[in-house]
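What follows is each chain in one-letter form.
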Amino acid sequence: MTTEHRVRRSVGTLTDGREIIYFDDTEPYLSGEATRVVPDRRPLGPAGAAGERRYDPLAGEWVVIAAHRMDRTFLPPADECPLCPTGRGSVPSEVPADGYDVVVFENRFPSLSTRTLDGIPSTVDDEPLVPRAPAFGRCEVVCFTDDHGGTFADLTTDRARTVVEAWADRTRELSALDGVESVFPFENRGKEIGVTLAHPHGQIYAYPFVPPRTEQLLRLAREHRERTGGDLMGDVLAAERRSGRRVLVDGEHWTAYVPAAARWPVEVHLTPHRAVPDLAALEEDERAELAAVYLDVLRRLDRFHVTDDGSVRLPYIAGWHQAPVHAGRDLVRLQLQITSVLRAPGKLKYLAGSESGMGAFINDTTPERIADRLREVAG
């Protein structure tokens, strides 16, 4: 039986009214003998408001217009990092405390926000064909560690478990916001992905609509159920486990594998054996194994490419795809998808004509070769 992982949750407020939440697993903060919550003394203006979203009638999708993000912080020097604890750099940061285990706060430059602007017309140019609306929702930053030079793969299993608790907590709370339809925790790592802050962190988007990828998955899962009576994601997982050819980790509660039709030079899916809709629905044993298996996968990714100077830390996008808040929660299950554009050291996979223009992916390697390499570099 897995021992319960204890985390203390403490909530504070930044100068501009944004929420900040500390998730502590170490003393004296875990017991409450000391607190991370301290005043934010920066002279900030009002918190950033949402932009707008416009509907693309030719794609059947919403596009968020967030022009205010053009002025967001971009690759600051390490001593001006806004995600380090205040006091470790030359300027006050987004985190007033002098240290933290895991911390979450509302993004200062949000694409989506509960602070919406009044007076946005309901259509573009009075054309009913192109509806528009405030970009309601919420964008949060999740800092995995206060170590600026670290990365998720460097975390201990206990600290990774605390991150899992933070993801579950935020999924539950954001899903309860009136108007939120989908919650997406993710991490962008590496300058090749377009990361603008080097500190190890991820984000969580709470959307006011069901995003296109989830909409497509719902449609396919519904058609599969009507045709076969089965569970599409569960049936795919079962097929991968029966084959075993691309399986990397087959645990008690989770399986990590390279999908049979992988699109990217490096791609891994991590799926729970039980049909759970989101991170908040995971049980204690599932959360504990997730922390260990996820670290195993990330550490393999960091050994995937090797040069004469050693291993190359893989740039990646790790996205937690969850069931929508309201629709189709019995049709799709929680799944992590990790992808990388780095096809070889110094060589990127560009989404050029076929991928960007038509959405038709062409992979330069085989899923089996990806899986073989990730098995070779197991710790």
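Structure shown above.
Predicted model only: the values in this text are computed from it and were never measured.

Quick notes on the rules
- Residues numbered from 1 in each chain as written.
- Predicted model: local features only at pLDDT ≥ 70, side-chain atom pairs only at ≥ 80, totals over all residues.
- Heavy atoms only, no water.
- Helix = DSSP H or I, 4+ residues; strand = E, 2+ residues; numbered from the N terminus.
- Expected span 1.5 Å × (residues − 1).
- Buried < 20%, exposed > 50% of the residue type's maximum accessible area, 1.4 Å probe, protein only.
- Pairing = 2+ DSSP bridges.
- 1 Å grid on protein atoms, 1.4 Å probe; cavity = no way out; pocket = protein on both sides within 12 Å on 5 of 7 lines; lining within 4 Å.
- Points joined across faces, edges and corners; volume = space filled by probe spheres on them.
- Nonpolar A, V, L, I, M, F, W, Y, C, P; charged D, E, K, R; others polar.
- Phe/Tyr/Trp six-rings, centres within 6.5 Å; stacked < 30°, edge-to-face > 60°.
- Lys NZ or Arg CZ within 6 Å of the ring centre and 35° of its normal.
- Axes fitted to C-alpha atoms, helices over the stretch in contact; angles between N-to-C directions.
- Parallel < 35°, antiparallel > 145°, perpendicular 65-115°, else oblique.
- Left-handed = near helix turned anticlockwise from the far one by under 90°.
- Contact = heavy atoms within 4.5 Å.

**A word on unusual backbone geometry**
Note the cis peptide between Glu27 and Pro28, where omega equals 5 degrees. As for its position among the elements, Pro28 is in the loop between strand E2 (19–24) and strand E3 (52–56). One non-glycine residue, Asp125, adopts positive backbone phi at about 55 degrees. Structurally, the position occupied by Asp125 is in the loop between strand E6 (123–124) and strand E7 (127–134). Look at Asp126: it is not a glycine, yet its phi comes out positive at around 60 degrees. Note that Asp126 resides in the loop between E6 and E7.

**Quick look at helix H1 (residues 157–175)**
Side chains three or four residues apart in an α-helix point the same way, a direct result of the helix having 3.6 residues per turn. With 19 residues, H1 should cover 27 Å at 1.5 Å per step; its first-to-last C-alpha distance of 27 Å lies within 8% of that length. Counting buried residues along H1, 15 of its 19 residues qualify, which places the element largely inside the surrounding structure.

**Re the pairing of strand E4 (residues 61–65)**
Relative to E4, E3 runs antiparallel, the two sharing five bridges. For Asp56, the partnering residue across the bridge sits in E4 and is Glu61.

**Examining the layout of surface pockets**
Of the voids in this model, the largest pocket is the one considered here, and its volume is about 1,800 Å³. Where the lining of the largest pocket is concerned, the elements lending two or more residues are strand E9 (182–189), strand E10 (201–207), helix H2 (212–228), helix H3 (232–243), strand E13 (266–272), strand E16 (316–321) and strand E17 (335–340). It is H2 that contributes the most residues to the lining of the largest pocket, seven residues altogether. In terms of residue class, the lining of the largest pocket is made up of 24 nonpolar, 12 polar and seven charged. Approximately 570 Å³ is the volume attributed to the second largest pocket. Taken together, 27 residues make up the lining of the second largest pocket; nearest its centre are Arg72, Thr73, Asn107, Thr196 and Leu197. If you list the elements that add at least two residues to the lining of the second largest pocket, you get E9 and E10. For the lining of the second largest pocket, the element with the highest residue contribution is E10, accounting for four residues. Split into classes, the residues belonging to the lining of the second largest pocket amount to 12 nonpolar, nine polar and six charged.

**Considering the packing of aromatic side chains**
Inspection of the entire model under this criterion finds 14 aromatic pairs. A centroid spacing of 5.6 Å and a plane angle of 40 degrees characterise the contact between Tyr207 and Phe209, whose relative ring orientation is tilted. The pair Tyr207 / Phe209 is uniform in exposure class, with both members buried. Three or more aromatic residues joined by ring pairs make a cluster, and in this case those are Phe144, Phe152, Trp167, Trp254, Tyr294 and Trp320. The lysine or arginine in question, Arg36, covers the ring of Tyr29, its NZ or CZ lying 3.6 Å from the ring centre. The side chain of Arg53 reaches across the aromatic face of Trp62, ending 4.3 Å from its centre.

**Brief notes about the packing of H1 against helix H4 (residues 284–301)**
Packing of H1 against H4 brings their axes to within 9 Å, and their N-to-C directions diverge by 120 degrees. The angle between H1 and H4 places the two elements in the oblique class. Helix-helix and strand crossings are classified by hand; for H1 and H4 the assignment is right-handed. Where H1 approaches H4, its residues Thr157, Ala160, Arg161, Val164, Glu165, Trp167 and Ala168 are matched on the opposing element by Glu284, Arg287, Ala288, Leu290, Ala291, Ala292, Tyr294 and Leu295. Partitioned by chemical class, the residues of the contact of H1 with H4 number 10 nonpolar, one polar and four charged.

**Details of the sheet that holds E17**
Pairing is antiparallel across the open sheet formed by 11 strands, whose spatial order is E1-E2-E5-E8-E10-E9-E16-E17-E13-E12-E11. Every other strand in the sheet has two partners, leaving strand E1 (8–13) and strand E11 (247–250) as the edge strands with one partner each. Between one strand axis and the next, the sheet turns through 15 degrees on average, direction left out of account. Across four bridges, strand E12 (residues 254–257) lies against E13 in antiparallel orientation. Directly across from Tyr257, in E13, lies its bridge partner His269.

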